[in-house]
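Structural description and commentary
Given next are the chains, with one letter for each unit.
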Amino acid sequence: MTAAPALYQVAISHLRTTPRRYALRHRTYMWLIDPDRPPELPRPTRVLARFDPRDHFDGDHPSVRAGLDAFLAGHGVDLAGGDVVMLTHARVFGYVFNPLTVYWCHGPDGALRCIVAEVHNTYGGRHCYLLHPDGSGRAVTGKEFYVSPFFPVDGRYRMRLPEPGDRVDLTVHLERDGGRPFTATVRGARRDVRVRTLLRLALRRPWATLAVSAAIRLHGIRLYLRGLPVQPREPRESRKPHQPRGPRPDHSTPENVS
């Protein structure tokens, strides 16, 4: 299992191929942590990295790990105390934007049991996909959640989510009608968790999660102005789960600008 905690300086890329080709690339940073043992930072830097259980699953559990275990139990999976690492964005100055959080879940023997991909949308909704990947981290699952205003809820996701090491290299394809109209990637290099490293990343990418959210919304507006039709949400997709307290912007996902 990959050692945590770690920082990853990443580039997030989105490519839409139909009906109009559109691409974007955004640089930011993400955290790989053990949800049982989140990093302990010096007090002055804690505003740059907060991991709040209200930001994950239904927001009603005392810890992120408790929320994960409850989700897995609902699907008949028991890790029997095995370790978990999660790749995510932290709250920065009280704000968070988490389009995709990935959990690599291991059994007591250290073997990978499953992966959970947690997706948030711009309407405050959340959905988790339970994946049973092959040896290279590849898995396929049906799309069950309204994410982008430009795609209906159909098709399937083909994901490649190998556990991060010295590098992180994740790919999510949306497949519809035999094609791949959208692809998102997360790629970058590992950095040790040091105060100076965190400060350098925070200075380069101030208000990192808020900046990503603003960029995605801007690109979404551009697509709308170019004539891409908005797909209406079905009633079952418009319901919102428990909304955590405290300041936070709406969430979005890798599809939101595609």
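Residues numbered from 1 in each chain as written. Predicted model: local features only at pLDDT ≥ 70, side-chain atom pairs only at ≥ 80, totals over all residues. Heavy atoms only, no water.

1. Some words on the overall build of the chain
Inclusion rule: The secondary structure listing takes helices from DSSP runs of H or I that are at least 4 residues long and strands from runs of E that are at least 2 residues long, numbered from the N terminus. In this scheme, a residue with accessible area under 20% of its type's maximum is buried, one over 50% is exposed, and one in between is partly exposed, where area comes from a 1.4 Å probe on protein chains only. Between two residues, a contact is recorded if the distance between any of their heavy atoms is within 4.5 Å. The Shrake-Rupley method, run with a 1.4 Å probe sphere, supplies the accessible areas, and residue values consider only the shown protein chains as cover.
Helix and strand counts for the chain come out as four helices and ten strands. Taking all 258 residues of the chain together, 52% fall into the buried category. Contacts in the chain between residues far apart in sequence, at least 24 positions, make up 61% of those at least 6 positions apart. Surface exposure of the chain reaches about 11900 Å², of which carbon and sulfur atoms provide 51%.

2. Digging into the environment of glycine 81
Inspection of the secondary structure puts glycine 81 in the loop between helix 1 (64-73) and strand 3 (84-88). The exposed category is assigned to glycine 81, whose relative accessible area is 64%. C-alpha of glycine 81 to C-alpha of aspartate 69: the two residues are twelve residues apart in sequence and 9.5 Å apart in space.

3. Considerations on the environment of alanine 11
With respect to the helices and strands, alanine 11 occurs in strand 1 (residues 6-16). Under the relative-accessibility criterion, alanine 11 is labelled buried at 5%. Distance from alanine 11 to threonine 185, taken between C-alpha atoms, is 8.0 Å for residues 174 residues apart in sequence. Among all residues touching alanine 11, those that are not within four sequence positions of it are Arg25, His26, Arg27, Thr185, Val186 and Arg187.

4. A few points about the side chain of histidine 173
Here is the rule we go by: Whenever a nitrogen or oxygen atom comes within 3.5 Å of another N or O atom, the pair is scored as a polar contact, on the condition that within protein one atom can donate a hydrogen and the other can accept it, and that pairs from neighbouring residues in sequence are kept only if both atoms are in side chains.
Position of histidine 173 among the secondary structure elements: in strand 9 (residues 167-176). Within the local environment of histidine 173, its side chain forms a polar contact with the side chain of arginine 180, the two groups lying 3.4 Å apart. Side chain to side chain, histidine 173 and threonine 183 meet in a polar contact 2.8 Å long. Look past the residues within four positions of histidine 173 in its chain and what remains in contact with it is Arg156, Tyr157, Arg158, Arg180, Phe182 and Thr183.

5. With respect to the pattern of salt bridges
As a working rule, side chains carrying opposite charge can pair if their charged atoms are close by. To be explicit about the condition: The term salt bridge refers to a side-chain nitrogen of Lys or Arg lying within 4 Å of a carboxyl oxygen of Asp or Glu.
Within this structure, the stated rule accounts for 14 salt bridges. Across the salt bridge formed by aspartate 169 and arginine 187, the nearest N and O atoms sit 2.9 Å from each other. Of this pair, aspartate 169 sits in strand 9 while arginine 187 sits in strand 10 (residues 179-191); the two residues are 18 residues apart in sequence, bridging distant segments of the chain. The exposure class of aspartate 169 is partly exposed, given its relative accessible area of 30%. Each of Arg156, Arg158, Glu175 and Arg180 takes part in a single network of salt bridges with overlapping partners.

6. Overview of helix 2 (residues 195-204)
The following threshold applies: Summarising the geometry, the arc corresponds to the directions from the helix axis toward the C-beta atoms.
Inspection of helix 2 places Thr197, Leu198, Leu201 and Ala202 among the buried residues, and these make up the whole buried set. All buried residues of helix 2 fall inside an arc of 130° around its axis, so they share one side. Turned more than 90 degrees away from the buried face of helix 2 sit Arg196 and Leu203, all of them exposed. On its buried face, helix 2 is in contact with strand 1, strand 2 (22-33) and strand 10.

7. Structural notes on a positive patch on the surface
This is how it is decided: Exposure above 30% relative accessible area and the absence of a salt bridge qualify a residue for a patch, where like charges join within 9 Å and nonpolar side chains (Val, Leu, Ile, Met, Phe, Trp, Tyr) within 5 Å. Asp and Glu are treated as the negative residues and Lys and Arg as the positive ones, with His and the ends of the chain left uncounted. Here the site of a charge means atom NZ of a Lys, CZ of an Arg, CG of an Asp or CD of a Glu.
Together, Arg25, Arg27, Arg167, Arg191, Arg196, Arg200, Arg204 and Arg205 line one region of the surface with positive charge. Counting residues per element, the positive patch draws most heavily on helix 2, which supplies three residues. Mapped onto the elements of the fold, arginine 196 is located in helix 2.

8. With respect to the side chain of threonine 171
With respect to the helices and strands, threonine 171 occurs in strand 9. What threonine 171 contacts, discounting residues up to four positions off in sequence, is Arg158, Met159, Arg160, Leu161, Thr183, Ala184, Thr185 and Arg187.

9. Topic: the sheet that holds strand 5 (residues 112-120)
The condition is simple: Criterion used throughout: strands pair if DSSP finds at least two bridges between them. Note on geometry: axes are lines fitted to C-alpha atoms, helical ones only across the stretch in contact, with angles between N-to-C directions running from 0 to 180 degrees.
Taken together, the ten strands give an open sheet; going across it, the order is 6-5-4-3-2-1-10-9-8-7, and neighbouring strands pair in antiparallel fashion. Pairing within the sheet leaves two strands with one partner each, and these edge strands are strand 6 (126-131) and strand 7 (138-142). Pairs of neighbouring strands in the sheet enclose a mean axial angle of 20°, with direction left out of account. Its contacts with the sheet place helix 2 against strand 1, strand 2 and strand 10, and it is angled at close to 30° to strand 1.

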